[in-house]
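These are the residues of each chain, in order.
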Amino acid sequence: MNPSPKVSVLLFLAWVCLLFYAGITLFTSGFLLTRLELTNYSSCQEPPGPGFLPWGSSGKPGACWMASRFSRVVWILIDALRFDFARPQRSHGPGEPPVSLPFLGKLGSLQRLLETRPHHSRLYRSQVDPPTTTMQRLKALTTGSLPTFIDAGSNFASHAILEDNLIKQLNSAGRRIVFMGDDTWRDLFPGAFSKAFFFSSFNVRDLHTVDSGILEHLYPTVDSGEWDVLIAHFLGVDHCGHKHGPHHPEMAKKLSQMDQVIQGLVARLENDTLLVVAGDHGMTVNGDHGGDSELEVSAALFLYSPTPLFARAPPEEPEVIPQISLVPTLALLLGLPIPFGNIGEVVAEVFSGGKDSQPDGSVLAQASALHLNAQQVSRFLHAYSAATQDLQVTELHRLQNLFSKASANYQRLLQSAPGAEAALQTVITELQQFLRGARAVCIESWARFSLVRMAGGAAILAAACFLCLLAPQWAAPPASPPRPLLLPPAAWALAGATLCAGLSAATGLKLDLVVLGAVAAAGSLLPFLWKAWGSWRSRKALATLLPIPGPVLLLLLLRLATFFSDSFVVAEARATPFLLGSLVLLLVVQLHWEGQLLAPKLLTVPRLGSSTSTGPPRHSGACALRLGVGLLLCTRLAGLFHRCPEETPACHSSPWLSPLASMVGGPAKNLWYGACVGALVALLVAVRLWLRHYGNLRSPEPPVLFVRWGLPLMALGTAAYWALVSGADEAPPRLRALVAGASVVLPRAVVGLAAAGLVLLLWKPVTVLVKAGTGTPRTRTVLTPFSGPPTSQADLEYVVPQIYRHMQEEFRGRLERTTAQGPLTVAAYQLGSVYSAAMVTVLTLLAFPLLLLHVERISLVFLLLFLQGFLLLHLLAAGVPITTPGPFAVPWQAVSAWVLMATQTFYSTGHQPVFPAIHWHAAFVGFPEGHGSATWLPAVLVGANTFASHLLFAVGCPLLLLWPFLCESQGLRKRRQPAGSEAEARVGPEEEEEPLMEMRLRDAPHHFNAALLQLGLKYLFVLGVQILACALAASILRRHLMVWKVFAPKFIFEAIGFIVSSVGLLLGIALVMRVDGAVSSWFKRLVLAQQR
Amino acid sequence: MKETDVKTLLYAHFLCIFSVILSVLLPSFFLEYFSILDTHLTWLYSCSLFVTSINLVLYLVSKPNTSSKTSSLSHKVTRFLKCYIYFLVSCFSFHVIFVLYGAPLVELALETFLFAVILSTFTTVPCLCLLGPILKAQLRVFSKNGVTSIWENSLQITTISSFVGAWLGAFPIPLGWERPWRYTTFGYVAGLVISPLWLDWNRKQFTNKNN
């Protein structure tokens, strides 16, 4: 048999996968902004660069880079305080109509302070960097950096800020911080506050709980004086925006309340205290935030000091400053080092020292503050560009030159005589230029959604899905094998890639690999789109464009629609079993509807007697019903192992997801351990029984030997490992070393065994028993029509059924002689299940190491998983008619159900598509001491844990094609011996025609290949539309409140799940092809042996 | 014959809908603090009661199934008892199915069971009225070519759309976080009531096409 059709099927599938990957990568590069988190810290002892400190800070105790101007700060953070909420109401001209909106002019105390004490107070319009979500803003307001969604290197398990930040600096300077308000701060700065009153920020409909809670504690705390820094984070304004929007009378009330707070605080401030009133972001007209519209990114910032702080009166129109400017400003005013990763620029005018100071001195102070700031930013840029390459090199060089020039000028001016005010002003301008340039460079690479890339990625994904839908029809076997489908895309891809590379070389841009890949993918898609366009133009088959049957299409669409709602994404763990159950019931009902569930005589009405019989049912009705109910039961049981997402407070996670080691001794622990080992044994026994049922356990081939002896050994190792791990603390001290050693060795041994088993299986996948004494004269007569070694495809196609028939004859002949020799005569059965036997063995071999990565009690879920898969396959097989010469096809409902089940198992193994829910402990299985510096191995372990169900189901996907053929034999037997038990039915000798089972597939290799291709494309389609829906949801809802909490993590998990699934799918199909090849060569050898 | 059948059908369905509306309005005269949302359990009782009684009355009045020949009292009693047992069995099996679909096992068991009862009254009771306590006949109606009369046709559609409505009613559940009606089966019932309404709306064309 010519192997090239198989290879081209695999290549075609791999190409489709690559298209999806290109789309995902392009989308991700536009959507997910990445930044490396450095863990360097600034410290007092270590100034950011050489330089004379003009305020003589080194002399003063407690002072750091700069002497502190204030010893205490009250920081009022009003969530979503948009700039115009705080803006003073100007007196209107006679012609202008007075504007009266609920949110305008309600903060009257700010206006009064600005008017009466212009040198003490200042209002700024602070320019916020997107994403404008509270947690990201808090990170920015304390680190002075631009937090992106994925801060690489951060600890995904918690939200705690690891970067250098203001709170950390305050703590290390020994200041007492009192916090009250939003409990997000607790996650961000665990244990950082000397006193804290946290209130839940969860319920956005509740306007008053947080604010009232703060007000209860605010004034007593201020009066007690036991604080250096007081932070109060009010949420009422934000929640009012979410609930009512800004144009609601409630907003006026809320703002007036805030105004009273400020008024009350101003009255209590002492002279050494600075008051900061800041909004973390704005809100849109509807009161939402998260995106980058003008209203969202403009927040108010107000500074007030009881002593004069500013040299000049405030300008008419408040100045616009970046929000993160607050960080270096506050740090220097409090006499702290600027956090290491800060890229903000100090607000120079607060260092001017009040209205009565020397003009010369004030300029010098401003210059020195800016210089310190610039030194710190320059140090950060150095450190960052040394760690990663995502900043533009040329721009960095330019900035570096700018900085060294300004710095040199500054040093020179310090040495020279005072009075060079103009020269100092130029230095200040240069330093500011440098700081702004640096910030621009960082923003360029960290903080912009690239809509073009997002749209391009989504378009490629959509086109790839479309291709998956159409390609099976073009690749149908009578028309053309898939090989011609492969060449034009490859050529086009090359052309596209060269064009792109040439263009970028010509324009001198840096070649972006992501864009290159995307252009290549788009190029290779072109011929297909052209072809689709052509067939659409000719109106050939619009009906065949949507080959998915109605109910399944509806279910798929419903599932896709749920990706666009955060509530449904959060509830997916419950929604998926529901949809799966619906699909199962639909299958059962459909069987009944088509009259296959019950015997026809029940259904016939006397009047319509002849028309109802649609052929004999292949399953008795009770059987299909039982399968359906069993499936529902399994799904429900698996749902017991459910982990709650953070967003639903009423939900309780299953207690069974914790490791056994965390249980406090006693019989319960032992019982659970027993149950887990029982699940292992049951899994093992089930697989062995299955193999035995189809006779594959009798073959002397090495894989079968491995199944017989290696699998129990693996189970034993797993059980022993669990025993050690769950009871490690109770081990006597003498055995500690032994236990530690064993808990390293055992998991590795199990993985090694599994790998060995896989290698054995790949080496000899044919598990068929051939007895030596087959050369009876009778068989020769069967084979006489064929002579000579098989030379061509046609020969083989002729000879294979011949051999098969010969084996049947053989089988029958032996049975005639003696029925007691059962084991010798089951060769035909083994051949009939040769593909699925290999698949099931591989799945079991894969399941054991994956099981080891989960906590013990998940083994029950794995048992349920295999059971569910088995039941579903049987149920699906009941509805698929076998068309003997082909074409074979896997129905859409089968593929959808399979994908749904993979998702359901993802949830029932205790996972959730959010980062804090990842099972990090998986990284330490077999490596209890950690991994040192290697990162890929723990990543692989954690990934295997997280995407175990995706992998297993994708590898097992070809079973969907194979199973109906397996069930064929059962159907026949069931009809003939309705009361016979399984074991007896296995050797049913009186059958006239033997079921061919999977050999039917071999009889029609073209159809077999086409069916595999079709199956792969269908599976990729169902997965692909999911990832497409996730991408669309993430891009359409990129301003949604929950985008970083729900949609973006969902997209990432879905994307990685897709990659794992597609690789698994390719492996599964490749395995089937490997078995196919091995069966072919086995037949060849048999033929040669016969001829000798 | 067919014309009169269609007319009777139409009236029957209007009566059913009327009974549902009545079940909302009537108890409020007798009971204090009655509303669908707060005392949903009472409403479920009354709704189920009304629909069942209307169905029974309709059956007794119109007698669509004229095949029963024997009419002795004992026969009627056994028939009635059989129907009752069938109804109970269907309630319990619906309950089991809901639990399998994800309803909590212990908490809200009463709600789940009442929902099973009301779904039974919408589906099983008409079936029993029309076809009698014969499982085979009921299974036949719900297969591809099993329908013999317009009554059965209407039964088929009403029942299937009731199931679909109940199924659709599950979809708002995730949306109602922190809302008390999340814990009621109100969503289901809403779907249940809407589906016959929709059906009646489409009925005219349907029957016309069929005749």
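Residues numbered from 1 in each chain as written. Chains lettered and ligands numbered in written order. Predicted model: local features only at pLDDT ≥ 70, side-chain atom pairs only at ≥ 80, totals over all residues. Heavy atoms only, no water.

- Where an unreviewed UniProt entry is consulted, chain B appears under the name Phosphatidylinositol glycan anchor biosynthesis class F, with the organism given as Chinchilla lanigera.
- Under the UniProt heading Pathway (unreviewed entry), the note attached to chain B is "Glycolipid biosynthesis; glycosylphosphatidylinositol-anchor biosynthesis." (UniProt positions renumbered as here; feature names shortened; annotations may be inferred.)

- Per an unreviewed UniProt entry, chain A is named GPI ethanolamine phosphate transferase 3, catalytic subunit, and its organism is Chinchilla lanigera.
- Recorded in UniProt for chain A, the comment headed Pathway (unreviewed entry) runs: "Glycolipid biosynthesis; glycosylphosphatidylinositol-anchor biosynthesis."
- Under the UniProt heading Sequence similarities (unreviewed entry), the entry covering chain A gives this text: "Belongs to the PIGG/PIGN/PIGO family. PIGO subfamily."

## Considerations on the packing of aromatic side chains
All names here are of chain A.
Phase 1: Applying the stated criterion across every chain, the model contains 33 aromatic pairs over all chains.
Phase 2: A centroid spacing of 5.1 Å and a plane angle of 35 degrees characterise the contact between Phe403 and Phe434, whose relative ring orientation is tilted. With Phe403 in helix α13 (residues 393-415) and Phe434 in helix α14 (residues 421-446), this pair connects stretches of sequence that are 31 residues apart.
Phase 3: Here Phe403 falls in the buried class, since its relative accessible area comes to 10%.
Phase 4: Where Trp892 meets Phe1021, the ring centres are 5.5 Å apart and the plane angle is 75 degrees; that geometry is what we call edge-to-face. Here the residue Trp892 occupies a position in helix α32 (residues 892-908), and Phe1021 occupies one in helix α38 (residues 1005-1036), the gap between them amounting to 129 residues. Here Trp892 matches Phe1021 in class, with each residue buried.
Phase 5: Each residue in the set Trp75, Phe179, Trp185, Phe189, Phe193 and Phe198 is aromatic and connected to the rest through ring pairs, giving one cluster.
Phase 6: In this arrangement the basic side chain of Arg69 is found over the ring face of Phe70, its NZ or CZ atom lying 4.8 Å from the centre.
Phase 7: The cationic tip of Arg82 hangs over the ring face of Phe103; the distance from NZ or CZ to the ring centre is 5.1 Å. (Phe/Tyr/Trp six-rings, centres within 6.5 Å; stacked < 30°, edge-to-face > 60°. Helix = DSSP H or I, 4+ residues; strand = E, 2+ residues; numbered from the N terminus. Buried < 20%, exposed > 50% of the residue type's maximum accessible area, 1.4 Å probe, protein only. Lys NZ or Arg CZ within 6 Å of the ring centre and 35° of its normal.)

## Comments concerning the state of the cysteines
Phase 1: On inspection of all chains with the given rule, the structure shows zero disulfides over all chains.
Phase 2: Note on Cys91 of chain B: no disulfide assigned, nearest cysteine sulfur contributed by Cys83 of chain B at a separation of 13 Å. (Disulfide = S-S within 2.5 Å.)

## What to know about the nonpolar core
All names here are of chain A.
Phase 1: Within the largest apolar cluster, 193 residues are counted, with the highest numbers of intra-cluster contacts made by Phe31, Leu960 and Tyr1019.
Phase 2: For this core, the element with the highest residue contribution is helix α39 (residues 1043-1091), accounting for 22 residues.
Phase 3: With residues up to four places along the chain from it excluded, the contact list for Phe31 reads Phe449, Met454, Ala1034, Val1043, Trp1044, Ala1048 and Phe1051.
Phase 4: In this structure, Cys64, Leu301, Leu309 and Ala348 belong to the second largest nonpolar core, which totals 81 residues. (Core = buried A, V, L, I, M, F, W, Y, C linked by side-chain atoms within 4.5 Å. Contact = heavy atoms within 4.5 Å.)

## A word on the environment of Tyr21 of chain A
Phase 1: Looking at the secondary structure, you find Tyr21 of chain A in helix α1 (residues 4-31).
Phase 2: A polar atom in the side chain of Tyr21 of chain A sits 2.5 Å from the side chain of Ser1062 of chain A. (Polar contact = N/O pair within 3.5 Å; in protein donor to acceptor, adjacent residues only side chain to side chain.)

## Considering the sheet that holds strand β5 (residues 177-182) of chain A
Residue and element names in this part refer to chain A.
Phase 1: With mixed pairing, eight strands are arranged side by side in an open sheet as β6-β5-β7-β2-β8-β9-β3-β10. Bordering the open sheet on either side are β6 (195-199) and β10 (319-322), each of which pairs with just one other strand. Each adjacent strand pair in this sheet contributes to an overall mean axis angle of 15 degrees, direction not counted.
Phase 2: Taken together, the five bridges between β5 and β6 define a ladder with parallel strand orientation. Looking across to β6, one finds that Gly181 is bridged to Phe198.
Phase 3: Sheet strands touched by helix α9 (residues 249-268): β2 (72-78), β7 (229-234), β8 (273-279) and β9 (298-304). Its angle to β8, the strand with the most contacts, is close to 170 degrees. (Pairing = 2+ DSSP bridges. Axes fitted to C-alpha atoms, helices over the stretch in contact; angles between N-to-C directions.)

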